[in-house]
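An overview of the molecular structure
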Amino acid sequence: MKSTEYKRALDALLQCNKVIRENHDEPLLLKDVCRVIVQDVGYRLAWIGYKEDDHEKRVLPVSSYGFSDGYIERAGIVWAETERGLGPTGASIRSEKPVICQNMTTDEKFKPWRDEAIKRGYASSIALPLAINGVVIGALNIYALNPDAFNDDEVELLQELTESLSFGISHIRQNNANKEITHKLNESEEKYKSIFNEANMVILIINPDTLELMDVNNKACHFYGYSKDEFLKKRLPEIQTLPEEKLHVIASEVMGKNRSYLVTSHRTSSGEVRDVEIHTGPITIQGKDYICSTINDITERKRMEEEIKVINHNLQRKIDDEIAKNEHMMNGYAYCEMIYDENGNPADFIYLEVNRSFETLTGLKREDVINKKVTGVIPLIKEKHPELIEAYGRVASGGGAVNLELLFEPINVWLNINIYSPKKGYFVAIFDNTTERKNMETGLRDSEEKYRLLFTHENDAILLCDAETLGYIDSNDAWNKQYGYTNDEMRGKSVIIISAEPEKSIEIRNEALISGSARVPQRLHRRKDGTLLSVELSVGVFTYKGRKVLCVISRDITHKLRIEAQNEYNARLFDIIFEHVMDSIVLLDKDFNYIRVSKSYVNVCQRDEAELTGRNHFEMYPSSFQLEAQETKRRKVPYAVSERPFTFPDHPEWGITYWDVRLVPVLDKDFEVEMFLYTLKDVTKQKLNKDALTALNETLMKRVNEEVEKSRIKDQLMYEQSRHTSMGELLVNISHHWRQPLCSIGLSVQDIKDAYFHKELDELYLNKTIDFTMSELKSLSDTIDSFRNFHVRDKEPKEFNISDEINKAYALISEYIKERGILIDKELDGSLTAWGCPNEFAQVILNILTNARDSFERANFTGGIIRIKLYRDGTTGRKIITIANNGGGIHDDIINKVFDPYFTTKDKSRGTGMGLYLAKVIIEKDINGTISIRNIDGWCELRIEL
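A brief structural summary. (Residues numbered from 1 in each chain as written. Predicted model: local features only at pLDDT ≥ 70, side-chain atom pairs only at ≥ 80, totals over all residues. Heavy atoms only, no water.)

On to the overall build of the chain. From N to C terminus, the chain includes 29 helices and 32 strands. Counting across all 946 residues of the chain, residues that qualify as buried make up 40%. The long-range share in the chain, meaning contacts at least 24 apart out of those at least 6 apart in sequence, stands at 52%. By element, 52% of the accessible surface of the chain is carried by carbon and sulfur atoms, the whole surface being about 54,600 Å². (Helix = DSSP H or I, 4+ residues; strand = E, 2+ residues; numbered from the N terminus. Buried < 20%, exposed > 50% of the residue type's maximum accessible area, 1.4 Å probe, protein only. Contact = heavy atoms within 4.5 Å. Areas by Shrake-Rupley, 256 points an atom, 1.4 Å probe, with all protein chains shown as cover.)

Right, let's get into empty space enclosed by the protein. Evaluation of the coordinates by the stated rule reveals five cavities of 30 Å³ or more. Looking at the largest cavity, its volume works out to about 230 Å³. In terms of lining residues, the largest cavity is bounded by 18 residues, among which Val-495, Ser-505, His-525, Leu-537 and Val-552 are the most central. Within the lining of the largest cavity, the residues separate by chemical class into 13 nonpolar, four polar and one charged. (1 Å grid on protein atoms, 1.4 Å probe; cavity = no way out; pocket = protein on both sides within 12 Å on 5 of 7 lines; lining within 4 Å. Points joined across faces, edges and corners; volume = space filled by probe spheres on them. Nonpolar A, V, L, I, M, F, W, Y, C, P; charged D, E, K, R; others polar.)

We now examine the nonpolar core. Counting residues in hydrophobic clusters, the biggest one holds 41 residues, and the most contacted among them are Ile-802, Phe-841, Ile-866, Ile-881 and Ile-944. Counting residues per element, this core draws most heavily on helix H28 (residues 838–858), at nine residues. Phe-841 has contacts with Phe-800, Ile-802, Glu-805, Ile-806, Ile-881, Ile-923, Ile-927 and Leu-946, leaving out every residue within four places of it along the chain. (Core = buried A, V, L, I, M, F, W, Y, C linked by side-chain atoms within 4.5 Å.)

Once that is clear, we can look at unusual backbone geometry. A positive phi angle, near 60°, is found at Glu-96, a position not held by glycine. In this fold, Glu-96 is placed in the loop between helix H4 (88–95) and strand E3 (99–101). Located in the positive-phi region is Asn-928, a residue other than glycine, with phi close to 60°. Summarising the element assignment, Asn-928 is placed in the loop between helix H29 (915–926) and strand E31 (930–936). When its relative accessible area of 64% is taken as the criterion, Asn-928 is described as exposed.

Here five strands make up an open sheet; going across it, the order is E7-E6-E10-E9-E8 and the pairing antiparallel. At either end of the open sheet lies a strand with only one pairing partner, and these are strand E7 (213–216) and strand E8 (261–267). Each neighbouring strand pair of the sheet contributes to a mean axis angle of 35°, computed without reference to strand direction. Bridging between strand E6 (residues 202–206) and E7 involves three bridges; their strand directions are antiparallel. Note on E7: the bridge partner recorded for Ile-205 is Asp-215. Contacts from helix H9 (residues 244–255) reach E8, strand E9 (273–285) and strand E10 (288–297), with the element oriented near 110° to E10. (Pairing = 2+ DSSP bridges. Axes fitted to C-alpha atoms, helices over the stretch in contact; angles between N-to-C directions.)

With that settled, the discussion passes to a nonpolar patch on the surface. Nonpolar side chains collect at one region of the surface, where Tyr-756, Phe-757, Leu-761, Leu-766, Ile-770, Met-774 and Leu-777 lie side by side and expose about 700 Å² of accessible area between them. Mapped by element, the contributors of at least two residues to the nonpolar patch are helix H25 (684–757) and helix H26 (763–790). Residue contributions to the nonpolar patch peak at four residues, all from H26. With respect to the helices and strands, Met-774 occurs in helix H26. (Patch = residues over 30% accessible without salt bridge, like charges linked within 9 Å, V, L, I, M, F, W, Y side chains within 5 Å. Salt bridge = Lys/Arg side-chain N within 4 Å of Asp/Glu carboxyl O.)

This structure, assessed with the given rule, holds 41 salt bridges. The salt bridge involving Arg-366 is made with Glu-353; its shortest N-O contact spans 2.7 Å. Placement of Arg-366 in helix H12 (residues 366–369) and of Glu-353 in strand E12 (residues 346–354) is noted, with a sequence separation of 13 residues between them. In this structure Arg-366 comes out as partly exposed when scored by relative accessible area, which is 35%. The class of Glu-353 is partly exposed, set by a relative accessible area of 28%. The shortest N-O distance in the salt bridge between Glu-568 and Arg-572 comes to 3.5 Å. On the criterion of helical spacing, the pair formed by Glu-568 and Arg-572 is a turn pair, its members being four residues apart in helix H20 (residues 558–580). Here the salt bridges do not stand alone but share partners, grouping Glu-52, Asp-54, Glu-56 and Arg-58 into one network.

In contact at an axis separation of 9 Å, H28 and H29 are set at 145° when each is read in the N-to-C sense. For the crossing formed where H28 meets H29, the hand is left-handed. Contacts between H28 and H29 involve Glu-840, Phe-841, Val-844, Asn-847, Ile-848 and Asn-851 from the former and Gly-915, Leu-916, Ala-919, Ile-922, Ile-923 and Asp-926 from the latter. Residues of the contact of H28 with H29, tallied by class, amount to seven nonpolar, three polar and two charged. (Left-handed = near helix turned anticlockwise from the far one by under 90°.)

Strand order in this open sheet of five strands is E12-E11-E15-E14-E13, and the pairing throughout is antiparallel. Looking at which strands have only one partner, the edges of the open sheet turn out to be E12 and strand E13 (402–408). Each strand axis lies, on average, 30° off the axis of its neighbour in the sheet, ignoring direction. Of the strand pairs in this sheet, strand E11 (residues 332–340) and strand E15 (residues 426–433) are connected by six bridges, and their pairing is antiparallel.

Our focus in this paragraph is the packing of aromatic side chains. The tally for this structure, following the rule as stated, stands at 28 aromatic pairs. With a centroid separation of 5.8 Å and an interplanar angle of 10°, the aromatic rings of Tyr-43 and Phe-150 are classed as stacked. Taken together, the positions of Tyr-43 in the loop between helix H2 (26–40) and strand E1 (45–51) and Phe-150 in the loop between strand E5 (135–144) and helix H6 (152–198) put the pair 107 residues apart, joining distant regions of the chain. In this structure Phe-150 comes out as buried when scored by relative accessible area, which is 2%. Ring centres of Tyr-71 and Tyr-143 lie 5.7 Å apart, and the angle between their planes is 80°; this geometry places the pair in the edge-to-face category. Here Tyr-143 lies in strand E5 and Tyr-71 lies in helix H3 (residues 71–75), a separation of 72 residues in the sequence. In this structure Tyr-71 comes out as buried when scored by relative accessible area, which is 3%. (Phe/Tyr/Trp six-rings, centres within 6.5 Å; stacked < 30°, edge-to-face > 60°.)

Once that is clear, we can look at the side chain of Asn-885. Summarising the element assignment, Asn-885 is placed in strand E30 (residues 879–885). Judged by relative accessible area, Asn-885 falls into the buried class, the value being 9%. Within polar-contact distance, the side chain of Asn-885 engages the backbone nitrogen of Gly-887 at 2.9 Å. Once residues within four sequence positions are removed from consideration, Asn-885 is found in contact with Ala-852, Ser-855, Phe-856, Ile-865, Ile-866, Gly-938, Trp-939 and Cys-940. (Polar contact = N/O pair within 3.5 Å; in protein donor to acceptor, adjacent residues only side chain to side chain.)

Moving on: the state of the cysteines. As enumerated under the stated definition, the model contains zero disulfides in all. Free of any disulfide, Cys-551 has its nearest neighbouring cysteine sulfur in Cys-465, separated by 9.1 Å. (Disulfide = S-S within 2.5 Å.)

The next subject is the environment of Pro-112. Examined against the element boundaries, Pro-112 turns out to sit in the loop between E3 and helix H5 (114–119). With relative accessibility at 23%, the residue Pro-112 sits in the partly exposed group. Considering only alpha carbons, one finds Pro-112 and Gly-85, 27 residues apart in sequence, at a separation of 9.9 Å. Residues in contact with Pro-112, not counting those within four places in the same chain, are Glu-83 and Arg-84.

So this is what it looks like as structure tokens:
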């Protein structure tokens, strides 16, 4: 690494670290870092982009410094794996590693930005990922003036710079988050202190472990008579009357959420004991668990309750005296003696006296209960109501008057029972049947609970508003969701804002106030976003805290109206189908009784629709597909059959008809068969035509097979005839190949005789002559093998080298061509292959070369040229063979016939017209290619494409 480059990167790291330490604003930090990289270090441009997690995965530039001239704004960089995300920035964000473009003019991945970058003098760049807590948030991008500007050492220093920048961003964001949290906590603390200190009830914050008072509000100081400082030095046992051990148990129950209510007594600073009612529960303050208790002073209430008890007791005694005197009193009366067990516990009691109302309320006769034990009169009383025996025994033992209410199960009625003791061991029970009142109370509670649940959870939108002003009071979640407003947004507003027809809203309000309710089948309302919806309204009026309130139930019927319109359209369409469709359509109920039939079905059956409706299909047509229909009903899947034969039982003269039948089960919401759609199409005519056509086709097929066989025999004869002709050509070619070797052998034999006469016949001469002669004979033998192998038909297709087969065909005719002074110009691609029978392909080439030779002979043409080319078409990828000769071409009126069988331009003694026909058959059928012919400027060219 050059010292200047190292110093440049090191300076950038040091300067940026200084900026990061001194900066506490994220945008300013990013700007200063980019400035240092460009201004103090010498790079061309530095910019920072944050990734966005949107659909396009864009990289949003957030800061830059240096020469840009709009480059960054128009770059359109993304971090998705698309063309504009393959550059350094997108790749760095995805891979979480530095990515370098050392040369923008050659790097293909930089192509989308190359032209604009070069205009601005950029030559290389680096993108380094910015990550916070292991998550990449964007990238730092640096552009240099020179190619290859970023080597390993410089990249390492720039990575350290990026890590420092990431730390700086994270530190700033954390500080900002902490400030916001601290601000919110301070706000929350202020609200808590305000509520805590200003609350109109006593509030104590207690340490559950030590029972120390951790905080108290102003109301507590006033109630107990301590200052706040005095209070916070005390523990709970100092103001409680319960033992400390009991208080620890209660504190444990409160923290475990097993206790939330307590009635006890507290001491004030003056020593006064006050009865208090405590609502308590756990609370967490600054991460620590405490007990928060709200205290209500109930001293006066308890005093009044005791006074009321005394008054009630005295009053009850007077009532008892009156009841004893009045046998016809409305309340039930029973005077009883208590029976105790050996341990002094109440065990039973004896009826001593009862009044007539007792008989009426209990259904027990006086003579059946007097002087009898209750366990004998009501055997299950101890099991069903042990608390009743216990209460009677407590009162009879001097426990004072008691009132209790219970559901007396033996007679299934609610009784309100007042119990007192005229003397020890005895008690009087005066009771009243409160079943009707309890049922009313239960109904009221149920009604209130149902209303609360209905308002909160009802799917319909519910709104409460002032009946006079139409001011908003409350709404449920369904209303908020339907109209787009929150409760806070609606407070203080008139509900008229949701109406698209305000004057009609006033009319609805007036109608509801006059009649007590109103129902509107359709109104047009407006959501918060301005869109309209159709609603159905139910409006009720009730009085709450002295003012009349409207309860408006709004149901969105926009979709319902759309469905109704669609259903109306479907009904009209249904009527049109049943009236005009040509195929027969029937609706059957689940028991296959007719519901509705189309007009075409009426015409088919020759019955009126009224005659069919309600009747069973299979009773009318028992020979129909009854078993299949029952199976369709069981499996609940459609049944279809084509060309089913059928004879109408009431019209046998119609004969057998054929029908395409389809039975489709229609299922209800419980996936049970509700009805069937039954369709029929008369295909009798088509069936008869098809049968006739089938018979005709069988006859035609037989004739075609016969003609094909004749054609095959004919083609075989044509092929054999062509091969015989080829054999003639073969013999001509063999004669040309043999003529020169035979001539050479003859001259060699004659030369032996001359050598003998001239005394030159020695061993050396004989060996030389014999070697020459054997060589020529071997050449003749090889020629025979070549011609013999050439005419052996290939049994199986295989891959072959096209150039080799062209050369093989040329070799067979080469001697003959040379004798005629014909020039062969070959340009062959030796790498190309094809699939097929190589000998047959070579036969095609030989036929074409022979035809070219013959064209020169017929025209008595000298200076003939045959040009052979083999190459691959760069556009289509096909392999092309062209064989052209300058023999003058073929007349336009016959050029389209040259591939026809038996067509020839040669003398009948020299041609059969099958050569090019068989060539076309071999190329197109056996090798899957094409062959064509054309004239080009006096040349005739045959073109083969494979």
